[in-house]
Amino acid sequence: MSAGDSFWRTPEMESFHTRFSAWTPFNNKSLNRQLFQERVTLISHWFDLWTNKQRQEFLFEIFLRCTKSQLRFVQDWFSERKQVAKVDFSTDCLWMPKCIKFGWFLPYTPTDNEYGAWKRHYIACVSHLDWLTPREAAATYGTLNESKTEDEELLERHREKCLRKRIWEKIALRRKELFKVRPPWVSGMGRSSMPKPKCQPRLSQTLRERAGSHEALEKQLVLTSLETLPKQSNISGSHSYPLLSKKNWHGVYKNDDSSSCALRPHFILISSRIPAYEMVVESVKAGVVSVVYEHSVTLESLLYLIEKALDGQKAQSMGIFSDGDSREINLLQGYKIGVKNLLKPEVRDFWEKLGSYVATEKEGGHVDFFAPLGASEAGTEVLSQLSQLTGTFFTAPTGIATGSYQHIFSDWLGAQWGKAPSSIYFSESKLQTWSSFTDFLEDTLKGVRKQLCPLFKELQKSISGRMIGQFMFDTMGMSNFLNNQEIAQALADGLMELSKEDSDKPLEFLSYFLLKKCGKKIKDFEGNVIPTKCDPKTAFGLLMKERNGVEDNSWDTKSRLSKNDLNFEALINLERMLQKDSAEKRTRVVRELLQSERKYVQMLEIVRDVYVTPLKAALSSNRAILSAANIQILFSDILQILSLNRQFLDNLRDRLQEWGPAHCVGEIVTKFGSQLNTYTNFFNNYPVILKTIEKCREMIPAFRTFLKRHDKTIATKMLSLPELLLYPSRRFEEYLNLLYAVRLHTPAEHVDRGDLTTAIDQIKKYKDYIDQMKQNINMKDHLSDIQRIVWGCPTLSEVNRYLIRVQDVAQLHCCDEEISFSLRLYEHIRDLSLFLFNDALLISSRGTSHTPFERTSKTTYQFIASVALHRLLIENIPDSKYVKNAFILQGPKYKWICATEAEDDKFLWLSVLQNAIKSRMEK
């Protein structure tokens, strides 16, 4: 046994020979080095947890134990990394720049051998410097601000002191709680190599309980900071945002004379969410007050913009140009105004205050929505409730006309001004040009905005939008041609027929074709005249004429009809006229459904005839342009959609051939809605289809030539293959508007009403699915763009994250935070850009770089920090003569003192930020 022990001790244990310790290897250098590194790590870990005083004591003890050679090593190390400049304080090279900086110049020129002249001059100037505090300077030299009474001054000081005391007490309490819940030996370390225990149930449970209390405390602190923010009336500290209270806002315009009605302006609100909104702004008539607002602002911010633009006046009429459908209007982000949320307190308060800015219905005032709310019962209910709520007449287009924003030029509900409301605010020719080519203009303007927006950055959004819109109209130079779209379409059809015929006289053939088409349209027009709207005044006039005729006849024949019998007969005649008008409108909407479906199927047939058929023919003749697999990926889903919609079109055509007031169309649409899984396959494969097109275009020269030969020709309506594939996603909006219009003009006792409701639910559910897919793709692309332009930015792509607003601010530094807010001096450190998401705030520095010989500049962004919204504190800084439009953002580790360029930007930013934090805290 002893022999075995000595055998194992000799070869192995000798290498573990220790010195001065039972566990410090002396002969084994690798283990010695490893243990040394572990102890250095442990001491470093302790060093990080010590206070500054403890660290100094530790360094002092270490340096006392060092030898001279070790101290010399430390000295050399500092000399290499910290260059120490030895400057003679008596020389002028140090004191002359200081004097020149303050404008203190010597009255003479020192000689070469004279030293210390600038030093003595600096000491003399400083010793006799007349320095005053801000309040002493204000008392001596006066101030530009309005003077305040002594009571107001004391009240302001007391308010500032209470606010500061409350905020700092909360912050101190939070820091104290954070210190209590800090885990032992772990807090304060970004990473640690200390081994973690495998099982600590009591400690982890305690930490979880404390962390829960910490989260509750932190949430309460954030909500308290939001409550301490001043409201609109005093956000700047100088009452620069007047807000009407609920008690007196109804009577704010009582002193207006009746003669001022003629001077009341027309007012139009335009959302930046509208595609190519710059051209809409340029279409506004002269004299109409227009405001462009961001879709991400709050209701309070929108009211502020309206109030500031009207400047105390009442508007004769107000238009709201925002996107929406026939049931609700997408006014702001998170506020789709419909029947469900109209009576919410904040929404109702918004419409009540907005109604006070517009003339009453008796004075001829009205509010015009440019969304087709008049095309459905839910939309008309919204208009009716708003009219009762505000006392102002609300109107909207019926939305019967299909197409991109073509509902604006359709009939308007209850319009009695002799002209469409769109002509009150806009130039008809420019607005028609915009609505005909909205999608193409939006794609073009994306590039134009990138080039021109940096040049117009300092201008207001409405002014810059008008300039960009004017630039687009001047560049196009095609307004006359675009406004005559029917002529352009007729010429295109004639050229297509001419290409099919081998005519020796092309001009005569084209002339004959156009004359034939013109004669056919005149005939159709004469045979299908349908009243576009029912004028109550005209109907009442016809009834009065009929009644007068009956009365005259009664006097001549001396009949015994009483006055009550005549009234009853007039009511019966009016009911018959209304029923007849409703049936005619219902017929017209169904015909519009058939006509728009025919155009849609024709666009799908273009894909089949121009692209699919030639590619399959080339594949069958052993001269393949694309493989069978690629053809299957690209066109199988769209051909199934064509087959489905062709069957739907045939059913509609057969039904309208024997159409009458009692016939139904809802069952046909319901059957079509039950087969929408065909569209689901297409939309799921849509990204793959587009990527396959691009990949084949790059890698297959024959396919590239094929697309060049067929894209954007007369046969494809001047569209490319990817543009033709956009039509399925846009068709469901038209379906929804038309079905709402059919149900609106369908009596409640009609058999078709139940099927129409079922069909609307099917189409609406599927349209919401498409909109969600679009939103997810757009948000993902937007986040990728931000991550690309911000250097060092962490990964932003997360589920349900989206950008709300970007705000450019200046970062300030306070020289002394102990004094009152009104006396603090601030220094501009750098420029920041704040990217507000729905769950976090990203803070980045903003720089500007210029290129030689170029006027334009390039903006660069560098990531600084990101703060979760539920951990962000906000503190307002009242305006003073030293700082304007400032506020404080306080995170868990750092704080930023920021200031906006304009007062409006501060109010809008704080309002949006406050709303985003509240929304995040509610989740």
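Please refer to the structure placed before this passage.
Rules used in this analysis
- Residues numbered from 1 in each chain as written.
- Predicted model: local features only at pLDDT ≥ 70, side-chain atom pairs only at ≥ 80, totals over all residues.
- Heavy atoms only, no water.
- Pairing = 2+ DSSP bridges.
- Helix = DSSP H or I, 4+ residues; strand = E, 2+ residues; numbered from the N terminus.
- Contact = heavy atoms within 4.5 Å.
- Axes fitted to C-alpha atoms, helices over the stretch in contact; angles between N-to-C directions.
- Salt bridge = Lys/Arg side-chain N within 4 Å of Asp/Glu carboxyl O.
- Phe/Tyr/Trp six-rings, centres within 6.5 Å; stacked < 30°, edge-to-face > 60°.
- Lys NZ or Arg CZ within 6 Å of the ring centre and 35° of its normal.
- Parallel < 35°, antiparallel > 145°, perpendicular 65-115°, else oblique.
- Left-handed = near helix turned anticlockwise from the far one by under 90°.

**Q** What is the right way to read the sheet that holds strand β14 (residues 886-890) from this model?
**A** Two pairing modes exist for strands in a sheet, parallel and antiparallel, and in both the strands are linked by backbone hydrogen bonds. Here eight strands make up an open sheet; going across it, the order is β8-β12-β11-β10-β9-β15-β14-β13 and the pairing mixed. Edge positions in the sheet fall to β8 (790-791) and β13 (873-877), since each has one partner strand and no second. Note that strand β10 (residues 826-837) and strand β11 (residues 840-850) share five bridges and pair antiparallel. Counted as the bridge partner of L834 is I843 from β11. Its contacts with the sheet place helix α30 (residues 903-922) against β9 (803-814), β10, β11, β13 and β14, and it is angled at close to 115° to β9.

**Q** Looking at this structure, I do not really get the pattern of salt bridges. What am I missing?
**A** Pairs can form between side chains of opposite charge once their charged atoms are near each other. The final tally for this structure, using the stated rule, is 24 salt bridges. In this structure, E798 engages R801 in a salt bridge whose closest nitrogen and oxygen atoms are separated by 3.4 Å. When salt bridges that share partners are traced, they join E377, R743 and R753 into one network.

**Q** Is there a simple way to think about the packing of aromatic side chains in this case?
**A** Pairs of aromatic rings are described using the distance from one ring centre to the other and the angle between the two planes. This structure, assessed with the given rule, holds 33 aromatic pairs. Across from the ring centre of F837, 5.9 Å away, lies the NZ or CZ of R801, which sits over that ring.

**Q** Would you mind going over the packing of helix α28 (residues 727-744) against helix α29 (residues 752-789) with me for this structure?
**A** Any two packed helices are characterised by the angle at which their axes cross and by the distance between the axes. Packing of α28 against α29 leaves a shortest axis separation of 9 Å and a crossing angle of 150°. What the angle tells us is that α28 and α29 run roughly antiparallel. Crossing handedness for the pair α28 and α29: left-handed. Residue-level contacts link S729, F732, E733, Y735, L736, L739, Y740, V742 and R743 of α28 to R753, L756, T757, A759, I760, I763, K764, Y766, K767, I770 and K774 of α29.

**Q** Hey, could you run me through the pairing of strand β12 (residues 857-868) in this one?
**A** On any regular strand, side chains alternate: one points to one face of the sheet, the next to the other face. Pairing between β8 and β12: two bridges, direction parallel. Within β12, the residue paired with V790 across the bridge is Y861. The pairing of β11 with β12 spans eleven bridges and is antiparallel. Looking at the pairing, I843 lines up with A865 of β12. Linking β11 to β12, which pair antiparallel, is a turn of six residues; within it F853 sits at a positive phi near 65°.

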